[in-house]
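So the chains spell out like this:
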Amino acid sequence: MAKILNFFRTIRNNWKKSLIGGAALTYGISYSKEIYDTDQLMRQYCESISQYGDLPLPTNIKPRHVTIILNPAAKKGKAKKLFQNYCEPLLHLAGIAVTIIQTESQNDARKIIMNLDTPTDAIIVAGGDGTLSDVLTGLVRKYDLNLKSVKQCPIGILPLGQTNKIAKSLYHKYDDLSDIKQMIEATMAIINEKSKMMDMIEIKPIEDNPEEPVKPIYAMGAVEWGAWKDANALATKYWYWGPLKKYATYIFNGYKENLNKYCDVILKYTLPCEGCSRCNQKNSTNGFSNLNTRWWHVFAPRNTIIRDSIDFSKIINEKCDILHELPISTCELHIETSNIDKSQNESPSSLKVKMGPKDIDYFSFVSEGWKKEQNNKSLCEQVIEAKKIELTPQTVNKHYTLYIDNEEYELKAVEIKLFSQAVKVFCPQFKS
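Computed from a prediction, not measured in an experiment: that's the story for all the values here.

**Section: the packing of aromatic side chains**
Thought 1: Taken as a whole and assessed by the stated rule, the structure comprises eleven aromatic pairs.
Thought 2: Note on Tyr-238 and Tyr-240: the rings are 6.4 Å apart at their centroids and 75 degrees apart in plane angle, and the pair reads as edge-to-face.
Thought 3: Ring geometry for Tyr-238 versus Phe-252: centroids 5.2 Å apart, planes at 15 degrees, classification stacked. Placement of Tyr-238 in the loop between α11 (227–233) and α12 (245–252) and of Phe-252 in helix α12 is noted, with a sequence separation of 14 residues between them.
Thought 4: Residue classification places Tyr-238 among the buried positions, given a relative accessible area of 7%.
Thought 5: For Phe-252, a relative accessible area of 42% translates into the label partly exposed.
Thought 6: An aromatic cluster is built from Tyr-238, Trp-239, Tyr-240, Trp-241 and Phe-252, whose rings are joined through pairwise contacts.
Thought 7: The lysine or arginine in question, Lys-229, covers the ring of Tyr-403, its NZ or CZ lying 5.3 Å from the ring centre.

Laid out in structure tokens, this is it:
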């Protein structure tokens, strides 16, 4: 009893050291438990996958081969280690041949894809939304805008980036070890060859110089422009605020002129259409798709083409391809695909144009920015659905930026076109 009393007396007399020691002990126990749970989780999947990989392969079938486009700078430089720890072992145990190509600079992924001549069964993106956009852009350019060929190349997305909007929409949410479980889930989808068709957008500058045309960019997520988005992108500048930097950025970037006219633009758009005699989507996006072919077979002639049985020439839609014009003055403008908007799963694919509030002051800007960091909800209010968009800024400010899947581009007039069901992506649950 005396020893117990002496123990508590020592803690009371050295309460600062005791507090620090208690915090360190708690963190150590929590960290150790996380390591143990992760090891047990990987052990469980490795044992399951090793049985799958040990199955004999028929002599007339070649082992699967996938090409990994790895962005080592993603996830604050942790992407390569995370891939090696949680994704690569499962692929090897499944008997899949893996070729890993690391990007070395910005936009390097699109160059790698365009120059890729090694036969492969799938392209796996190990990075964030920006790396995925680069891979898509490289694929479309490789096939000279032939979307039928792009459809035949399955794409896997390993959520190893700082922003993974597309990947997060595909995989489940978890209460514990969320990032690791999503990496494993993404890898299992690749191994099990479960996939679904997803939308893609083309962003092309509207320029008057046909002699030197700028090549379009392709993405699957969103095109964003606005005061909140710019402030969020500058958060790293305030690193000395530590975990509060995402909140400090709104305080220091709320004193901008013309906040309510930050996005002063003329929006021209056409309404969504599932396919008709006017747009004839059959020829542009609903081409053949042979799920059992390999992606390099696009270079070989085909004897059989599977065509859609729908005759779009008999479908009349008087509203299709009619341009509607809308002047917009707001502080935030987002154009999102149905890939990241789960409410559109059962409805026709479309682009959602989300506009922020028209009247905003400094204090509202800061408070709404803080709310966004807490719940990650869009700050946009009015919504318009469209298929094709022409975005023309009234004034081009060199300090303004257009974000395509969180990659920064120079703000200029652009045309944004939706290609419905244009990309085959590995996902946990098969959806045709």
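**Quick look at the packing of α12 against helix α14 (residues 362–375)**
Thought 1: Remark: α12 packs on α14, axes separated minimally by 9 Å, with the N-to-C direction vectors making an angle of 160 degrees. As summarised for this structure, α12 and α14 are arranged roughly antiparallel, according to the angle between their axes. As α12 runs across α14, the sense of the crossing is right-handed. Seen from α12, the contacting residues are Lys-246, Tyr-247, Tyr-250 and Ile-251; seen from α14, they are Tyr-362, Phe-365, Val-366, Gly-369, Trp-370, Glu-373 and Gln-374.

**Things to note about the pairing of strand β7 (residues 222–226)**
Thought 1: Summarising burial for β7: five of the five residues are buried, a large majority.
Thought 2: Here β7 shows two buried faces, one formed by Ala-222, Glu-224 and Gly-226 and the other by Val-223 and Trp-225.
Thought 3: The pairing of β7 with strand β14 (residues 401–404) spans two bridges and is classified as antiparallel. Opposite Val-223, over in β14, you have Ile-404 as the bridge partner.

**Focus on a nonpolar patch on the surface**
Thought 1: Judged by side-chain polarity, Trp-239, Tyr-240, Trp-241, Leu-244, Ile-251, Phe-252 and Trp-370 come together as a nonpolar surface patch covering roughly 770 Å² of accessible area.
Thought 2: Of note, Ile-251 is situated in helix α12.
Thought 3: A relative accessible area of 31% places Ile-251 in the partly exposed class.

**Some words on empty space enclosed by the protein**
Thought 1: The full count for this structure, using the stated rule, is one cavity of 30 Å³ or more.
Thought 2: Computed from the structure, the largest cavity encloses a volume of approximately 40 Å³.
Thought 3: Around the largest cavity, the lining residues are Asp-129, Lys-165, Gly-221, Ala-222, Glu-224, Asp-405 and Asn-406.
Thought 4: Taken together, the residues that form the lining of the largest cavity break down as one nonpolar, two polar and four charged.

**A look at the pattern of salt bridges**
Thought 1: On inspection of all chains with the given rule, the structure shows ten salt bridges.
Thought 2: Glu-193 is the salt-bridge partner of Arg-64, the closest N and O atoms lying 3.8 Å from each other. Placement of the pair is Arg-64 in the loop between α2 (15–53) and β1 (65–70) and Glu-193 in the loop between α10 (178–192) and β5 (195–205), with a sequence separation of 129 residues.
Thought 3: For Arg-64, a relative accessible area of 15% translates into the label buried.
Thought 4: Across the pair Lys-229 and Glu-224 runs a salt bridge whose closest N-O atoms are separated by 3.4 Å.
Thought 5: Connected through salt bridges with shared partners, the residues Lys-75, Lys-168 and Asp-179 form a single ionic network.

**Here we look at unusual backbone geometry**
As a rule of thumb, non-glycine residues mostly have phi less than zero, and peptide bonds are mostly trans rather than cis.
Thought 1: The phi dihedral of Lys-76 is positive, around 55 degrees, even though this residue is not glycine.
Thought 2: Note that Lys-76 resides in helix α3 (residues 74–77).
Thought 3: Not every positive phi belongs to a glycine, and Asn-406 is a case in point at roughly 70 degrees.

Thresholds applied
Residues numbered from 1 in each chain as written. Predicted model: local features only at pLDDT ≥ 70, side-chain atom pairs only at ≥ 80, totals over all residues. Heavy atoms only, no water. Phe/Tyr/Trp six-rings, centres within 6.5 Å; stacked < 30°, edge-to-face > 60°. Helix = DSSP H or I, 4+ residues; strand = E, 2+ residues; numbered from the N terminus. Buried < 20%, exposed > 50% of the residue type's maximum accessible area, 1.4 Å probe, protein only. Lys NZ or Arg CZ within 6 Å of the ring centre and 35° of its normal. Axes fitted to C-alpha atoms, helices over the stretch in contact; angles between N-to-C directions. Parallel < 35°, antiparallel > 145°, perpendicular 65-115°, else oblique. Left-handed = near helix turned anticlockwise from the far one by under 90°. Contact = heavy atoms within 4.5 Å. Pairing = 2+ DSSP bridges. Patch = residues over 30% accessible without salt bridge, like charges linked within 9 Å, V, L, I, M, F, W, Y side chains within 5 Å. Areas by Shrake-Rupley, 256 points an atom, 1.4 Å probe, with all protein chains shown as cover. Salt bridge = Lys/Arg side-chain N within 4 Å of Asp/Glu carboxyl O. 1 Å grid on protein atoms, 1.4 Å probe; cavity = no way out; pocket = protein on both sides within 12 Å on 5 of 7 lines; lining within 4 Å. Points joined across faces, edges and corners; volume = space filled by probe spheres on them. Nonpolar A, V, L, I, M, F, W, Y, C, P; charged D, E, K, R; others polar.

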